[in-house]
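Residue-level structure breakdown
As a plain string of letters, each chain reads:
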Amino acid sequence: MAKHCEVCGKQALKAAKLTFSHKQIVKRQSPNLQEIRVNVNGQTKKMTVCTSCLKAGKVQKAV
């Protein structure tokens with residue numbers, strides 16, 4: 001199962017690059033995911049969250 005952000009659902013993307021000789025190079029662009037402890041309804045839980053959700057304040061870190 002692919003890893004994804006449990007808040008916004010962001011996951012890895014596939015991007016294809018075509019060279020001049022039409023060789024196709026497929027790259028994966030993955031988000032910056034961090035596994036952190038989070039306060040959810042007064043309980044501490046481990047979640048996989050992207051750094052953009054952390055910076056936006058969508059998640060409250062547990063102390």
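Look up: the structure comes first, before these words.
Quick look at the structure, then. (Residues numbered from 1 in each chain as written. Predicted model: local features only at pLDDT ≥ 70, side-chain atom pairs only at ≥ 80, totals over all residues. Heavy atoms only, no water.)

**What to know about the environment of Q43**
Mapped onto the elements, Q43 comes out in strand β4 (residues 43-50). Classification of Q43 by relative accessible area gives exposed; the value is 57%. Distance from Q43 to A62, taken between C-alpha atoms, is 8.9 Å for residues 19 residues apart in sequence. (Helix = DSSP H or I, 4+ residues; strand = E, 2+ residues; numbered from the N terminus. Buried < 20%, exposed > 50% of the residue type's maximum accessible area, 1.4 Å probe, protein only.)

**Focus on the pairing of strand β1 (residues 13-18)**
Burial analysis of β1 places just zero of its six residues in the buried class, a small minority of the element. Across six bridges, the pairing between β1 and strand β2 (residues 24-29) is antiparallel. Bridge pairing in β2 links K14 to R28. The loop that links β1 with its antiparallel partner β2 comprises five residues; one of these, H22, has a positive phi angle of about 65 degrees. (Pairing = 2+ DSSP bridges.)

**Let's talk about the state of the cysteines**
Scanning the entire structure with this criterion turns up zero disulfides. Cysteine C8 is unpaired, with the sulfur of C5 as its nearest cysteine sulfur at 3.6 Å. Given a relative accessible area of 38%, C8 falls into the partly exposed group. (Disulfide = S-S within 2.5 Å.)

**As for unusual backbone geometry**
Within the chain, H22 stands out as a residue other than glycine whose phi angle is a positive 65 degrees. By the element assignment, H22 lies in the loop between β1 and β2. Judged by its relative accessible area of 62%, H22 falls in the exposed class. One non-glycine residue, N41, lies in positive phi territory at about 55 degrees. Positionally, N41 belongs in the loop between β3 (33-40) and β4.

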